[in-house]
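# Notes for the structure review
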Amino acid sequence: VRVLIAEDLALLRDGLTRLLRDNGFDVVDAVDNADALVHAAKAERPDIAIVDIRLPPSFRDEGLRAALELRETVPEMAILVVSQYVEHAYATELLAAGGGGVGYLLKDRIMNVDEFVDAVRRVGEGGTALDPEVVAQLFSQHRTKGPLERLTPREREVLELMAEGRSNAAIASALFLSLGAVEKNIASIFTKLGLQQTPEDHRRVLAVLTYLQQ
Amino acid sequence: MRALRGLLFLASALFTGSIAFAVLLVGWLTVGLLAITPLAVPAAILFRAAVGALARLESALARSLIGARADGGRYTSGGSGYWRRGLAVAIDRAFWREQAYLLVRLFVGWPLAVALISVLGSSLWFVALPIYYRWVDFHIGSWQADSLQRAVLLVPVGVIGVALTFAVARGIARGWRGLAESLLNDDGPRQDLRLMHSRILRVHAFLTALAITVSLIVWALVGGYFWPGWVIIGTLLALVLHGWIYYVLSRDDWRGHRAIAMHAGITTALAATVVQIWAFAGGGNFWPIWPILAFAILLGAHALYERRRGPLEQRIRVLETTRAGAVDVQETELRRIERDLHDGAQARLVALGMNLGMAEQKLDADPEAARELVAETRVGIEEALRELRDLARGIHPPVLTDRGLEAAISSLAHTSAVPVFVSADVPTRPPAAVETAAYFVAAEAMTNAAKHAGATRIEVRLVREPSLLVVEVSDNGRGGADLSGSGLVGLRRRVEALDGTLTVTSPSGRGTTLRAELPCES
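A short tour of the structure in this document, coming up. (Residues numbered from 1 in each chain as written. Chains lettered and ligands numbered in written order. Predicted model: local features only at pLDDT ≥ 70, side-chain atom pairs only at ≥ 80, totals over all residues. Heavy atoms only, no water.)

## Observations concerning the sheet that holds strand β5 (residues 468-475) of chain B
Residue and element names in this part refer to chain B. Our working rule: Pairing between two strands is assigned when DSSP locates at least 2 bridges connecting them. Working definition: helices are DSSP H or I runs of at least four residues, strands are E runs of at least two. Numbering for both runs from the N terminus. Helix axes are fitted only over the stretch in contact, all axes being lines through C-alpha atoms; the angle between N-to-C directions runs from 0 to 180 degrees. Any pair of residues with heavy atoms lying within 4.5 Å of one another is described as a contacting pair.
Spatial ordering of the open sheet is given by β3-β4-β5-β7-β6, a layout of five strands whose pairing is mixed. Two strands bound the open sheet, and with one partner strand each, they are β3 (420-425) and β6 (501-505). Ignoring strand direction, the axes of neighbouring strands in this sheet form an average angle of 10°. Relative to strand β7 (residues 512-519), β6 runs antiparallel, the two being bridged by five bridges. Bridged to Thr503 within β7 is Arg515. Packed onto the sheet, helix α14 (residues 432-451) meets β3, β4 (458-465), β5, β6 and β7 and runs at close to 5° relative to β5.

## Things to note about the interface of chain A and chain B
Our working rule: Using a 1.4 Å probe, buried area is obtained as the accessible area two parts lose upon being combined, added over both of them. In the sections that follow, a salt bridge refers to a side-chain nitrogen of Lys or Arg positioned within 4 Å of a carboxyl oxygen of Asp or Glu. In protein, a polar contact requires one atom able to donate a hydrogen and another able to accept it; more generally it is a pair of N or O atoms within 3.5 Å, and residues adjacent in sequence count only if both atoms are side-chain atoms.
Taken together, the 22 residues of chain A in the interface contact 22 residues of chain B. Interface area, chain A with chain B, both sides summed: about 2,000 Å², of which 46% is carbon and sulfur. Linking chain A with chain B are five salt bridges, by the criterion used here. Between Arg403(B) and Asp61(A) there is a salt bridge; the shortest N-O distance is 2.5 Å. Taken together, chain A and chain B are joined by ten residue pairs in polar contact (both at pLDDT 80 or more).

## Quick notes on empty space enclosed by the protein
Residue and element names in this part refer to chain B. Put simply, the rule reads: Note on definitions: the grid is 1 Å and covers protein atoms alone; a cavity is a set of points where a 1.4 Å probe fits but cannot get out; a pocket is an open set with protein on both sides within 12 Å along at least five of seven lines; lining residues have an atom within 4 Å of a point. Grid points are joined across faces, edges and corners, and a volume is the space filled by probe spheres set on the points. We call Asp, Glu, Lys and Arg charged. Ala, Val, Leu, Ile, Met, Phe, Trp, Tyr, Cys and Pro are nonpolar, and the rest, Gly among them, are polar.
According to the stated counting rule, one finds one cavity of 30 Å³ or more in the structure shown. Volume-wise, the largest cavity comes out at about 40 Å³. By residue number, the principal contributor to the lining of the largest cavity is helix α13 (residues 398-415), which donates five residues. For the lining of the largest cavity, a count of residues per class yields five nonpolar, two polar and one charged.

## Topic: the sheet that holds strand β1 (residues 2-6) of chain A
Strand pairing in a sheet is mediated by backbone hydrogen bonds. Such pairs are either parallel or antiparallel. Residue and element names in this part refer to chain A. Pairing in this open sheet of six strands is parallel, and the strands run β2-β1-β3-β4-β5-β6 from one edge to the other. Across the chains shown, the open sheet's two edge strands, defined by having one partner strand only, are β2 (26-31) and β6 (128-130). Ignoring strand direction, the axes of neighbouring strands in this sheet form an average angle of 20°. In this structure, β1 lies alongside strand β3 (residues 48-52), joined through four bridges in parallel fashion. For Ile5, the partnering residue across the bridge sits in β3 and is Ile50. Docked against the sheet, helix α6 (residues 132-140) engages β5 (102-106) and β6, running at close to 75° with respect to β6.

Shown next, in the form of structure tokens:
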């Protein structure tokens, strides 16, 4: 998998490069600002770009804006946004932009190397990776009485992991369930929320997220 | 005992009041005459020293006789350079306060002392009358104390007079203590001025009533034309003026107009006095019109002056308080952040470093334990990061800078434990400082609603008017918010530093509404 990194802190940029190379990724370029990111993305056409939200010169949300721009200009490239903080509003913007695989994670998650590498791979292949905190924020919108209230605690757990973008197999192993049990839970969730079942993982996640953003 | 000491203190005015009279007269005459020559400076310093010495004497008297915490007159000459030294005297507040005290001691204390001593003297004279009635000729009207029985009849009158004198002396001394404590301290009043003032006013009212009663009794006994009219109108006028000044001082919202209100009161009292004199002098040609006209012109000039100066002064006062408040808020914030860093992330990192050190030691001997330690450390780092993230958000939420107020507040709403409904109409972004203040108003209000008010529903309204940003947060909680709580006080200061206003309506049991209006030029 060919990776492009945009991160302004040299320490993190180099660490990330080493981490990904050690895990068999091909890091084609590592840049430190948004313009260079857009430029490199168009020139190198990587499979995935890992982008920090805060980039020079103003250290606001340049990274995110560049990512949204790239969704339009290089739609086939997957984008994984990493940041020191998460805002569900940013997740919403990223998801709404359409295109290929998309992810939004706290930088903290990089420390769990196996899971992070898995997330990069998943997003690179067109999947989704949302930070548990984003999912929690999305869920908190639905505190008041609604279909979510009717879910069993187990179904809720499954839904949360699904919203993070995990595959059925990953959900099964995370919750110590059988694959069949997970599928049964998912079917029940979709019925209770009144959503259309789709076989494809990515589309399924989008349906769930769209529902949660209402 | 206390009554006796009080009486002694009041009587001492005969002595110190006389000295004060001499010092003030000579001092002002000398300084006034020398005002245009360089000699005015040594004269002023000498004058200051004399007033200081008198203030020390008065402090000692007030301390020992009426237990006042007074310690005035310990001035040190200020300023460097010849003229500056003279100026230092003129702008020394303690100097003016001490002079005011001496003036009161002279003009109120002295007559009081005379009155009390005469009443006490004649009462004692009555008490002793049965011993020497034979040799004196005492009569009230045609009633003459010419027998023992008649003389004994006057003894209770004398006893009552003595008791009354002591009681009055004690009451006055108590009021005087506040006066001494507020005027006779170099470093400023040591008394709640308002409390002291109300006490003095009560003593004044009591004295007025006493004077009127006594003069009426004496008039009833002695007869003659109705001279107590002078006493009644004069003393009542003084009391009303005093009450008016007390009222003006107690109105905090009149700050800018106090001087003019007091002036108006004094002018009215003066005019009434002049009219009274005219009326008692038999009327005729209404000459008081001239002095009244003069008073009115003075008042008018004063009012004009205040009109031009007042708003600016008020503005300066507002700026002074709000700036002090802003500095305070900042200081408290910085201290909180420092504490959070120190007790939180810093402490955690120390522990995590220790963990890693131990893992390093065990790497060869016990790789399994080392692995466990490393995993533990990673979890610890995640916690430290979360803490730092919360801290950073508390200082300034990134989304506020990136996406503005509406996004930041809805993000806040998402993490709230109570459902929050946000409606926003903010088409153009206000200045950053205004956004931040508005954000923290909403954040604090939401926290309070969830934590203290037990609300189940919060509404946040953001409206951008041409030169104003309005933030309104209302909840359906139990109301009765503590307006003096540190959170609300901090918010108020934050808002006022931007020239805004914060209003809190929190009737008990009917929810709380917090409304901040922040001016912003678009």
